[in-house]
Amino acid sequence: ETGVTQTPRHLVMGMTNKKSLKCEQHLGHNAMYWYKQSAKKPLELMFVYSLEERVENNSVPSRFSPECPNSSHLFLHLHTLQPEDSALYLCASSQDRGVAGGWTGELFFGEGSRLTVL
Amino acid sequence: GQQVMQIPQYQHVQEGEDFTTYCNSSTTLSNIQWYKQRPGGHPVFLIQLVKSGEVKKQKRLTFQFGEAKKNSSLHITATQTTDVGTYFCAGRKAGKSTFGDGTTLTVKP
């Protein structure tokens, strides 16, 4: 138990589907992240939210849409994905000590959501 | 942009042998962190190094941060089967963090 919970753990979707991944952290952290993990790129940062504001977006295609309604919850909305988007999506949180963007403390990762796009 | 290279990509050792993974950054870093990901698991934080030339130990694991703060290493003495997994370094500079591609360690009993 890392204090970061991701649902669903596994998701299979067609290219025309709309689905969402959910992340919840119980650690009182103020920064949350989405990472993509695949064989091609082991840990690829997608989005960073600090104090509920998006502070980093690493050229992620618009078919991925993040949402951070509060400091404890983070969503990744998925729409018209491609088979190459199949990967493990990891959520993480940290306590950001105020430096703009990124993190200053250790990252606590969730167990990930394994996504398969058919 | 900032690049963090990690070598080797894979390492196979006999149980009891030592293991080292190296992390090299194209730029000077503010700090570096190390994570371990067991097969089928998620990355777990091991340690953070901040000072130039810093050396930290955790039981059989020794972490070093280079004098120029551009490279780092993780050394495991006398590997055990519980050491298997992928070890990632993550370098931070100017508010941005970059993970290396990891070194996957397998240990033969």
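Note that the coordinates shown come from a computational prediction; the quantities given were computed from them, not determined experimentally. (Residues numbered from 1 in each chain as written. Chains lettered and ligands numbered in written order. Predicted model: local features only at pLDDT ≥ 70, side-chain atom pairs only at ≥ 80, totals over all residues. Heavy atoms only, no water.)

What about the environment of B:P43?
Then, number 1: Structurally, the position occupied by B:P43 is in the loop between β4 (31-37) and β5 (44-49).
Then, number 2: Its relative accessible area of 2% is what places B:P43 among the buried residues.
Then, number 3: Each C-alpha atom of the pair B:P43 and B:T86 lies 8.5 Å from the other, and the pair is 43 residues apart in sequence.
Then, number 4: Those residues in contact with B:P43 that sit more than four places away from it in its chain are A:L43, A:L90, A:F109, B:Y35, B:K36 and B:Q37. (Helix = DSSP H or I, 4+ residues; strand = E, 2+ residues; numbered from the N terminus. Buried < 20%, exposed > 50% of the residue type's maximum accessible area, 1.4 Å probe, protein only. Contact = heavy atoms within 4.5 Å.)

Brief notes about the packing of aromatic side chains
Then, number 1: As enumerated under the stated definition, the model contains 10 aromatic pairs over all chains in all.
Then, number 2: With 5.6 Å between their ring centres and 55 degrees between their planes, A:Y35 and A:F109 make a pair best called tilted. Pair noted here: A:Y35 is in strand β4 (residues 31-37) and A:F109 is in strand β10 (residues 108-109), with a separation of 74 residues, a long-range link.
Then, number 3: Classification of A:Y35 as buried rests on a relative accessible area of 1%.
Then, number 4: A ring pair is formed by B:F19 and B:Y87, whose centres lie 5.8 Å apart and whose planes are at 45 degrees; its orientation type is tilted. Of this pair, B:F19 sits in strand β3 (residues 19-25) while B:Y87 is found in strand β9 (residues 85-93), placing the two residues 68 residues apart along the sequence. (Phe/Tyr/Trp six-rings, centres within 6.5 Å; stacked < 30°, edge-to-face > 60°.)

Regarding unusual backbone geometry
Then, number 1: Cis peptide bonds are those with omega within 30 degrees of zero, and the linkage from A:T7 to A:P8 qualifies with -10 degrees.
Then, number 2: Here the bond from B:I7 into B:P8 is cis, since omega is -5 degrees, no more than 30 degrees from zero.
Then, number 3: Structurally, the position occupied by B:P8 is in the loop between β1 (4-7) and β2 (10-14).
Then, number 4: Look at B:K69: it is not a glycine, yet its phi comes out positive at around 55 degrees.
Then, number 5: Of note, B:A78 is a non-glycine position whose phi angle comes to about 50 degrees, a positive value.
Then, number 6: Its location among the elements puts B:A78 in the loop between β8 (71-76) and β9.

What about the interface of chain A and chain B?
Then, number 1: Taken residue by residue, the interface counts 20 residues in chain A and 16 residues in chain B.
Then, number 2: Across the chain A/chain B interface, buried area totals approximately 1,600 Å², and carbon plus sulfur atoms make up 55% of it.
Then, number 3: Seen at the junction of chain A and chain B, the total is 1 salt bridge.
Then, number 4: Between A:K41 and B:D101 there is a salt bridge; the shortest N-O distance is 3.4 Å.
Then, number 5: Connecting chain A to chain B are 3 residue pairs in polar contact (both at pLDDT 80 or more). (Buried area = accessible area lost by both parts, 1.4 Å probe. Salt bridge = Lys/Arg side-chain N within 4 Å of Asp/Glu carboxyl O. Polar contact = N/O pair within 3.5 Å; in protein donor to acceptor, adjacent residues only side chain to side chain.)

Regarding the environment of B:Q37
Then, number 1: Within the element layout of this structure, B:Q37 appears in strand β4.
Then, number 2: For B:Q37, a relative accessible area of 8% corresponds to the buried category.
Then, number 3: Distance from B:Q37 to B:G102, taken between C-alpha atoms, is 9.4 Å for residues 65 residues apart in sequence.
Then, number 4: Look past the residues within four positions of B:Q37 in its chain and what remains in contact with it is A:Q37, B:H42, B:P43, B:G85, B:T86 and B:F88.
Then, number 5: At a separation of 2.8 Å, a polar atom in the side chain of B:Q37 contacts the main-chain carbonyl oxygen of B:G41.

Some thoughts on the nonpolar core
Then, number 1: Counting 22 residues, the largest nonpolar core has A:W34, A:F64, A:L76 and A:L78 as the members making the most contacts within it.
Then, number 2: Every element with two or more residues in this core is listed here: β2 (10-13), β3 (18-25), β4, β5 (44-50), β7 (64-70), β8 (73-79), β9 (87-94) and β11 (113-117) of chain A.
Then, number 3: Ignoring anything within four residues of it in the chain, the contact list for A:F64 reads A:M46, A:F47, A:L76, A:H77, A:L78, A:L81, A:D85 and A:Y89.
Then, number 4: Judged by nonpolar contacts, the second largest core, of 19 residues, contains B:L61, B:L74, B:Y87 and B:V107. (Core = buried A, V, L, I, M, F, W, Y, C linked by side-chain atoms within 4.5 Å.)

A short note on the pairing of β5(A)
All names here are of chain A.
Then, number 1: Within β5, 6 of the 7 residues are buried, which leaves it mostly tucked inside the rest of the structure.
Then, number 2: By the bridge criterion, 6 bridges tie β4 to β5 in an arrangement that is antiparallel. Residue W34 lies in a different strand from β5, and its bridge partner there is F47.
Then, number 3: In this sheet, strand β6 (residues 53-57) lies alongside β5 in antiparallel orientation, the contact comprising 4 bridges. For V48, the partnering residue across the bridge sits in β6 and is E56.
Then, number 4: Hairpin remark: β5 followed by β6, antiparallel, with 2 residues in the connecting loop; positive phi at L51, about 55 degrees. (Pairing = 2+ DSSP bridges.)

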